[in-house]
Amino acid sequence: MLAKMQNPIIQFDHVSRRFGGRNVLKDIDLEVPAGSIAGLVGPNGSGKTTLLKLMAGFIKTTSGNVRLFGYDPFVDRAEVMRRARFAFAPPAVYGSLTAREHLKFLSATNMRPRERSTRDDIMAVLETVGLADRADDKAHTYSFGMKQRLNLAQALLPMPALLIFDEPTDGLDPIAVVELRGLLKRLQTEHNLTLVLSSHMLGEIEKLADTIFMLNDGRQIFCGSPDKLLGEERQIMIRIEGELKAGVNVLRKHGIEPEVNGDGRLLLPPGSIRLDEAVRLLGNQGLKLMEFHEKQPGLEDAYIRRLHQG
Ligand code: ADP
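Below is a summary of the structure that appears in this document. (Residues numbered from 1 in each chain as written. Predicted model: local features only at pLDDT ≥ 70, side-chain atom pairs only at ≥ 80, totals over all residues. Heavy atoms only, no water.)

## Some points on the site of the ligand
Point 1. Around the ligand, the surrounding shell consists of Phe-19, Arg-22, Val-24, Pro-43, Asn-44, Gly-45, Ser-46, Gly-47, Lys-48, Thr-49 and Thr-50.
Point 2. Interatomic distance of 2.6 Å between a backbone N/O atom of Gly-45 and an oxygen atom of the ligand.
Point 3. Within the contact set of the ligand, an oxygen atom lies 2.9 Å away from a side-chain nitrogen or oxygen of Lys-48.
Point 4. Contact with the protein chains covers 60% of the free accessible surface of the ligand, which is 560 Å².
Point 5. When residues of the shell around the ligand are traced back to their parent elements, those giving at least two are strand 2 (22–32) and helix 1 (48–56).
Point 6. For the shell around the ligand, the element with the most residues is helix 1, which contributes three residues.
Point 7. Here the residues of the shell around the ligand are counted per class, giving three nonpolar, six polar and two charged. (Near = heavy atom within 4 Å. Polar contact = N/O pair within 3.5 Å; in protein donor to acceptor, adjacent residues only side chain to side chain. Areas by Shrake-Rupley, 256 points an atom, 1.4 Å probe, with all protein chains shown as cover. Helix = DSSP H or I, 4+ residues; strand = E, 2+ residues; numbered from the N terminus. Nonpolar A, V, L, I, M, F, W, Y, C, P; charged D, E, K, R; others polar.)

Structure follows, in structure tokens:
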């Protein structure tokens, strides 16, 4: 159970969802504060899209509560949609329309006459996503990255408080990924936009997210900052002079199963003991420690280890 924060924009409380006889999401607790970027990661089939559909109010929970801005999105969809926008893959783009026509059409069909976007509003959004100079070109002439930015522009007219973006970088080339990342970060800092991004690739999310929610097989296996994930996955390495077996036995007596690493090194499982405690424990037994330090895994390694544990 998470410590409750004040007025989170998104709140999931013990949420489960079944399809047929299958539990696709199991007991999810989740909170997203205003102005933050939350990254939802997990392998294909882990339940990310189902979780986003619950946020959008497309489906309802089997048990537990979902709240966006304090509203149940399945019941008060209109209240939620006034504040939140969703961009699902693939981009909703029509080749025979220009970017400007997409946004004019959106404004004419989705907004009340008084609220309709002006020509300036439309150009400002196209400016934001870097499409102003191609505003009057038909979308079939755009690269995939440009289509994705047009998809985003449609979700930003008018600017919402919350943007939920499913697999934003799917199918983009590396340069387009970097551009989109910069754009999403700017939306957070300049417009205080709260963002939820989902991806099956942690690498796409780690550079942006303040909080990572990791799903595996419908369960939340991690929730916290990228630093927390790394911290919890830090391994201790100790090199002992002479007989390694004595060191292994001391650690086993304390319930720690070290990995013996050929060249006289012991690797202790993440979170099993603090480095200073391990050093004291082995030192007290008269063992001579030649080297000891904490090994920082890469975030991708930490993710994969979590998936195997989860
Ligand atoms: P992800 O987005 O992480 O790839 P999904 O949320 O799409 O995962 O799917 C999670 C699991 O739920 C998958 O096994 C999928 O087959 C199943 N699932 C999703 N939607 C439905 C549905 N409407 N009916 C039955 N099973 C579904």
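That shown, we press on.
## Some remarks on the nonpolar core
Point 1. Counting 49 residues, the largest nonpolar core has Leu-152, Leu-163 and Leu-184 as its most contacted members.
Point 2. Residues lining this core come from more than one domain, with at least three contributed by each of domain 1 (10–224) and domain 2 (230–309).
Point 3. Setting aside its immediate chain neighbours within four residues, Leu-163 contacts Arg-85, Leu-152, Ala-155, Leu-156, Leu-184, Leu-193, Thr-194, Leu-195 and Val-196. (Core = buried A, V, L, I, M, F, W, Y, C linked by side-chain atoms within 4.5 Å. Buried < 20%, exposed > 50% of the residue type's maximum accessible area, 1.4 Å probe, protein only. Domains from an automatic or database assignment. Contact = heavy atoms within 4.5 Å.)

## Concerning the sheet that holds strand 10 (residues 235–240)
Point 1. Pairing is antiparallel in the open sheet, where four strands are placed in the order 11-12-10-13. Two strands bound the open sheet, and with one partner strand each, they are strand 11 (259–261) and strand 13 (289–295). Direction aside, neighbouring strands of the sheet carry axes that sit 20° apart on average.
Point 2. With three bridges connecting them, strand 11 and strand 12 (residues 265–268) associate as antiparallel partners. The partner of Val-260 across the bridge, within strand 12, is Leu-266.
Point 3. The strands touched by helix 9 (residues 244–253) are strand 10, strand 11 and strand 12; relative to strand 12, the strand with the most contacts, the crossing angle is about 15°. (Pairing = 2+ DSSP bridges. Axes fitted to C-alpha atoms, helices over the stretch in contact; angles between N-to-C directions.)

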